[in-house]
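# Observations on the model geometry
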Amino acid sequence: MRGRRALIAALVLLVSAVGARASSERAAHKFSAEGLAKVSDYIRNEIATGKIPGAILLLQQHGKPVYYENFGVRDVATQLSMSADTIFRLYSMSKPITSVMAMMLVEEGKLSLDDPVSKYIPAFAQMKVGVEKKAGDGNETLVLEPLARPVTIKDLPRHTSGLPYGYHGGGMVRELYAEANLFQSNLGNADFVAKVATLPLAEEPGTAWDYGFSTDVLGRVVEVVSGKTLLQFEKERLLDPLGMTETAFFVADPAKFPRIAEPMPEDRNINPTTPMRDIRRPLKWESGGGGMVGTIGDYARFTQMLLNGGSYEGRRYLKPETVALMASDHVGPETKIARDHSYYPGANFGFGLGFAVRTSVPAGTSWPLGEYRWDGVGGTFFFIDPEDDLFGIFMVQTPSQRGRIQLALKTLIYQAMGR
C-alpha cells in the first residue's frame, strides 16, 4: 500500500512539473521568422560593411536552441569560417563565473556575504579611502582617511568596494591605479591582490557602484577559502562537471590557435594604452574579473544552468534561492548607493551579485523585468530572460563596436518576440 501511495505521489509531482513547464511555454513570448530574419540581416550587414570579421548568435528557449547561426570568419587574416568551436576572449563575462564560485562557498557556510574581506586577505584591514582636498596653496591633494566600515564580501560581486579600474583623467585615485599598470603586471592572484591592497579606495565601501577590480579580489578570496587556485576550483566544481572543456585563462594547446577569434586589424585596442590580450601566451594571472576564454557552447551550458535555477542535466550547482539572490537588485534606491555618469548597467538596470538586473522597462517596449545580463569589453554579451524561459549569447571580438551592436541586437531580438 505504501509503495502504491509513493507511486501515486511521484506521478502527481511529475504531472505537476510537466504542467508547470507547459504553462510556462504557453505564457512565454515566441519568435517570428520575419523578426529573426532581421536579426540575421543586421549581423550580415555588420560583416559586409567591414565592422566585424564574424560572429555567433545563440537564442535558446525552453532548453532548446530556437536560433543559432555562425556568421563570417574568425579572423580576416586566415579567412577561417566562424564555427561552434571558435574560442573568444570573454573578458568581463568571467565575472558571473567567479561570482557563482563564491556563492557555492557561501552555500556551504565557508564564506559569508557579511564577512570583511580582511578575514581572508589581512592586508585589507589597513586599506584607506583616498579623498581629494584643496591644500593651502589651492592645489588638489590626495588625503588618505580611515574607512567608515570595512570592505565586505558582498561589496565585491556588486561593485561597491571602492576598488576602481584605473584610467588617466578620472581623478587622483584612478590615476594611481593607472600608474600601477595592473592589467599588464601578470602577477599571480595572491601578489596581484597584495598590490591592489597598497592602493587607496576611490570611495567609502558600500556608498557607490564603481566598476573595477572587485571580482579579481573575489577570485583570490575563493582561492584562500577553497585552498585551490581559482582555475582548479572552477574546474573541479563547475567547468568539468558542466562540460565547459574549452574555458580557461589562456589557450594552452598550439593546435587550437587557429580557432581563436580576432577583431578587425584596426580594432585591437580596448583603450589607447591597452591592446586586446594575446591569449596564446601563458599567463600567471587568473583574473576572475576579466581573464577567461571560451566557446559559445561552454557559456551556453553555464547560462542554461542559471536559467534552470542552478541545475543542469540532473546535477545541482546552486540552490534556486541563491540564483534568485544573485539576480536581484542590490543597489536600488533604498540602499542609497550612488551611480555616476558612467554607470555601465544603464538607466533601466540595477545590479545584483555578478549581473546587471532589469528594474524598469524602456519607453515604448514591453522588455521583461528581471532579465539579467552582462558583457565583455571584447564584444561578447549574454542575457537571461526568466519570464520567457530564454537566454541569448552573442560572441564577437570588437572592442570599439560592442555597445552599439549590443543595443541594436537586443532591440531586434525583442522585436522578433513582439516585445
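Structure report, in brief. Keep in mind that this is a model prediction, so the values were computed, not measured.

### Things to note about the pairing of strand β13 (residues 372–375)
Side chains Y372 and W374 project from β13 onto one buried face, and the interleaved R373 and D375 project onto a second face that is buried too. Judged from the two bridges that link them, strand β12 (residues 356–358) and β13 form a sheet pairing that is antiparallel. Following the sheet pairing, V357 is matched in β13 by Y372. Bridge count for β13 against strand β14 (residues 381–385) is four bridges, and the pairing is antiparallel. Across the sheet, residue R373 finds its bridge partner in β14, namely F383. Taken together, β13 and the strand that follows it, β14, pair antiparallel across an intervening segment of five residues, in which G379 is found at a positive phi of about 120 degrees.

### Digging into helix α2 (residues 33–48)
Spanning 16 residues, α2 covers 22 Å between terminal C-alpha atoms, matching the ideal 22 Å at 1.5 Å per step. Buried residues in α2 make contact with β1 (54–61), β2 (64–72), β15 (390–395) and α11 (402–415). Downstream of α2 by a residue or two, G50 has a phi angle that is positive, lying close to 80 degrees.

### Some words on the packing of aromatic side chains
Within the structure shown, the criterion is met by 22 aromatic pairs. With a centroid separation of 5.5 Å and 10 degrees between ring planes, the pair formed by W209 and Y211 is classed as stacked. Of the two residues, W209 and Y211, both sit in the buried class. Plain terms: the ring middles of Y299 and F302 are 5.3 Å apart, the flat faces sit at 65 degrees to each other, and that makes the pair edge-to-face. Of this pair, Y299 and F302 both sit in helix α9 (residues 296–307), three residues apart, which is roughly one turn of that helix. The same class applies to Y299 and to F302, which are both buried. By the ring-pair criterion, three or more aromatic residues cluster together here, those being Y165, Y177, F183, F192, W209, Y211, F213, W285, Y343, Y344, F351 and W374. The ring of F257 is capped by R280, whose NZ or CZ atom sits 5.8 Å from the centre of that ring. Positioned above the aromatic ring of F349, the side-chain terminus of R373 is 4.1 Å from the ring centre.

### A closer look at the environment of M103
Note on placement: M103 falls in helix α3 (residues 95–107). According to the relative accessible area criterion, M103 is buried, its value standing at 3%. Residues M103 and L325, spaced 222 residues apart in sequence, show a C-alpha to C-alpha distance of 9.9 Å. Aside from chain neighbours lying at most four places away, what touches M103 is L113, L318, T322, L325, M326 and L353.

### Some remarks on the sheet that holds β15
Reading across the sheet, the seven strands line up as β2-β1-β15-β14-β13-β12-β11 and stay open at both edges, with antiparallel pairing between neighbours. What marks the edges here is a single partner per strand, and that holds for β2 and β11 (349–351). Going from strand to strand, the sheet's axes swing by 15 degrees on average, the running direction of each strand aside. The strands that α2 touches are β1, β2 and β15; relative to β2, the one it contacts most, it runs at about 20 degrees.

### What to know about helix α7 (residues 214–226)
If you check α7, its first and last C-alpha atoms are 18 Å apart, about what 13 residues at 1.5 Å a residue would give, namely 18 Å. Most of α7 sits out of view: eleven of its 13 residues are buried. Looking at α7, one finds that the buried residues are S214, T215, D216, V217, L218, G219, V221, V222, E223, V225 and S226. Close packing links the buried residues of α7 with α3, α4 (155–158), α6 (189–196) and α8 (230–242). Immediately beyond the C-terminal end of α7, within one or two residues, lies G227, with a positive phi of roughly 75 degrees.

About the thresholds
Residues numbered from 1 in each chain as written. Predicted model: local features only at pLDDT ≥ 70, side-chain atom pairs only at ≥ 80, totals over all residues. Heavy atoms only, no water. Buried < 20%, exposed > 50% of the residue type's maximum accessible area, 1.4 Å probe, protein only. Helix = DSSP H or I, 4+ residues; strand = E, 2+ residues; numbered from the N terminus. Pairing = 2+ DSSP bridges. Expected span 1.5 Å × (residues − 1). Contact = heavy atoms within 4.5 Å. Phe/Tyr/Trp six-rings, centres within 6.5 Å; stacked < 30°, edge-to-face > 60°. Lys NZ or Arg CZ within 6 Å of the ring centre and 35° of its normal. Axes fitted to C-alpha atoms, helices over the stretch in contact; angles between N-to-C directions.

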